[in-house]
Amino acid sequence: MSTKRTLIAGNWKMNLNTAQASLLLHRLQERIKIHKNIEVVLIPSALTLQPLSVQLDRRKFRLGAQNAYYKDDGAFTGEVSFTMLRDLVHYAVIGHSERRLYFNENNDLIRDKVAACVRNEITPILCVGETKHERRAGETKRVLHSQISTALSNLTAHEIGEMVIAYEPVWAISTFGGELAKPAQAQEAMDYIRKQIRDLHGKKAADNVRVLYGGSVDDQTARGYMEILGCDGVLVGGASLNYHKFSEIVRSAYAMRHEVEDE
Ligand code: 13P
């Protein structure tokens, strides 16, 4: 765990209608306390961002979007832009493996989305990670390298330092098999991500960028990942829909911060 603000993000994916999302937020607000060094980010569907923003206790939570289109406005039927989201969310997930695999998002599109996100003063949470097949073929680093170098190619070192990168190995995501990554495997990839940022954009960007782990993180496994040196938090999918599990994950982050801060 690092000394930066710990980020615990819940990606609700395409789940929960407005009433269900409101109920989940209500339950989380009852359980989650304010902590100056922990940021809890809820990432519901685009439809529920507006009503949740009214209900939300801003001292406890921030909102994130799961996706948006890279053009600011225009004739793009069915899309929502980062410009439309800029007053509503602090963060946006970009390049999630479900979007890469189900919606054919490639690294060039993801680069344009990252740039649009930054242009609209929203912090990108860029997701990167290899498939099982790529890992078996020994291609993990090559895949991470091409995902990261392309996605960040239009940003300044300062902008990169302000953003978040989530390492989400595709094979560890519950929807794609949910095999548990060992913390040592996660650490190796996360170290590589930071090294790459250092090599391409300098030490300051590498020191400042927050790197998260995601992939079947729940209340049982979160601590093991958050203990990884240089891990700045977790991106949680399925377990973020369960208020017991998600508030327990936040509680373990609190406990860890207190242990560090009391030393
Ligand atoms: P799971 O936690 O359900 O594996 O999902 C991870 C994820 O995709 C978060 O973005």
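Basis of the calculations
Residues numbered from 1 in each chain as written. Predicted model: local features only at pLDDT ≥ 70, side-chain atom pairs only at ≥ 80, totals over all residues. Heavy atoms only, no water. Helix = DSSP H or I, 4+ residues; strand = E, 2+ residues; numbered from the N terminus. Rg over C-alpha atoms; globule rule 2.2 N^0.38 Å. Buried < 20%, exposed > 50% of the residue type's maximum accessible area, 1.4 Å probe, protein only. Contact = heavy atoms within 4.5 Å. Lys, Arg positive; Asp, Glu negative; His and termini not counted. Charge placed at Lys NZ, Arg CZ, Asp CG, Glu CD. Phe/Tyr/Trp six-rings, centres within 6.5 Å; stacked < 30°, edge-to-face > 60°. Lys NZ or Arg CZ within 6 Å of the ring centre and 35° of its normal. Salt bridge = Lys/Arg side-chain N within 4 Å of Asp/Glu carboxyl O. Core = buried A, V, L, I, M, F, W, Y, C linked by side-chain atoms within 4.5 Å. Arc of directions from axis to C-beta. Near = heavy atom within 4 Å. Polar contact = N/O pair within 3.5 Å; in protein donor to acceptor, adjacent residues only side chain to side chain. Areas by Shrake-Rupley, 256 points an atom, 1.4 Å probe, with all protein chains shown as cover. Nonpolar A, V, L, I, M, F, W, Y, C, P; charged D, E, K, R; others polar.

A. Spotlight on the overall build of the protein chain. The secondary structure content of the protein chain amounts to 12 helices and 8 strands. Whereas a compact globule of 263 residues would reach a radius of gyration of roughly 18 Å, the protein chain reaches 17 Å, a difference of no more than 12%. The principal-axis extents of the C-alpha atoms in the protein chain amount to approximately 55 × 45 × 35 Å. Expressed as a percentage of the 263 residues in the protein chain, the buried residues total 51%. In the protein chain, the share of contacts with a sequence separation of at least 24, taken over all contacts with a separation of at least 6, comes to 72%. One way to put it: in the protein chain the 34 positive side-chain charges average out to a point 1 Å from where the 32 negative ones average out.

B. Structural detail: the packing of aromatic side chains. One pass over the structure, following the stated rule, counts 5 aromatic pairs. Ring centres of Tyr69 and Tyr70 lie 4.9 Å apart, and the angle between their planes is 55 degrees; on these two criteria the pair is classed as tilted. For the pair Tyr69 and Phe76, a centre-to-centre distance of 5.2 Å together with 45 degrees between the ring planes defines the contact as tilted. Taken together through their ring pairs, the aromatic side chains of Tyr69, Tyr70 and Phe76 make up a single cluster. The ring centre of Phe103 lies 4.2 Å from the NZ or CZ of Arg99, which sits over that ring. Over the face of the ring belonging to Trp171 we find Lys132, whose NZ or CZ atom lies 4.9 Å from the ring centre.

C. Fine view of the pattern of salt bridges. Scanning all chains against the criterion turns up 22 salt bridges. Residues Asp57 and Arg59 are paired through a salt bridge, measuring 2.9 Å at the closest nitrogen-oxygen approach. Taking relative accessible area as the criterion, Asp57 reaches 17% and is therefore assigned buried. Taking relative accessible area as the criterion, Arg59 reaches 60% and is therefore assigned exposed. The shortest N-O distance in the salt bridge between Glu130 and Arg135 comes to 2.8 Å. A relative accessible area of 0% places Glu130 in the buried class. Residue classification places Arg135 among the partly exposed positions, given a relative accessible area of 22%. Salt bridges here are not isolated pairs; linked through shared partners, they connect Arg5, Glu39, Arg62 and Arg210.

D. Fine view of the nonpolar core. The biggest cluster of nonpolar side chains holds 68 residues, and the ones touching the most others in it are Ile8, Leu42, Leu152, Tyr213 and Phe246. With sequence-adjacent residues up to four places away left out, Leu42 is seen in contact with Gly10, Trp12, Leu25, Leu28, Leu56, Phe61, Arg62, Leu63, Gly64 and Phe246. Residues Val41, Val93, Ile125 and Val164 belong to the second largest nonpolar core, which totals 12 residues.

E. Broad picture of helix 2 (residues 46–55). Along helix 2, the positions that sit buried rather than exposed are Thr48, Leu49, Leu52 and Ser53. Along the long axis of helix 2, the arc covered by the buried residues comes to 145 degrees, so they all point the same way. Facing away from the buried side of helix 2, by more than 90 degrees, are the exposed residues Leu47 and Val54.

F. Structural detail: the site of the ligand. Around the ligand, the neighbouring residues are Asn11, Lys13, His96, Glu168, Ile173, Ser174, Gly215, Ser216, Val217, Leu235, Gly237 and Gly238. Between the ligand and Ser174, the relevant distance is 2.5 Å, taken from an oxygen atom to a side-chain nitrogen or oxygen of the residue. Within the contact set of the ligand, an oxygen atom lies 2.8 Å away from a backbone nitrogen or oxygen of Ser216. For the ligand, whose accessible area on its own is 310 Å², the fraction buried by protein is 98%. Along the lines of polarity and charge, the residues of the shell around the ligand split into 3 nonpolar, 7 polar and 2 charged.

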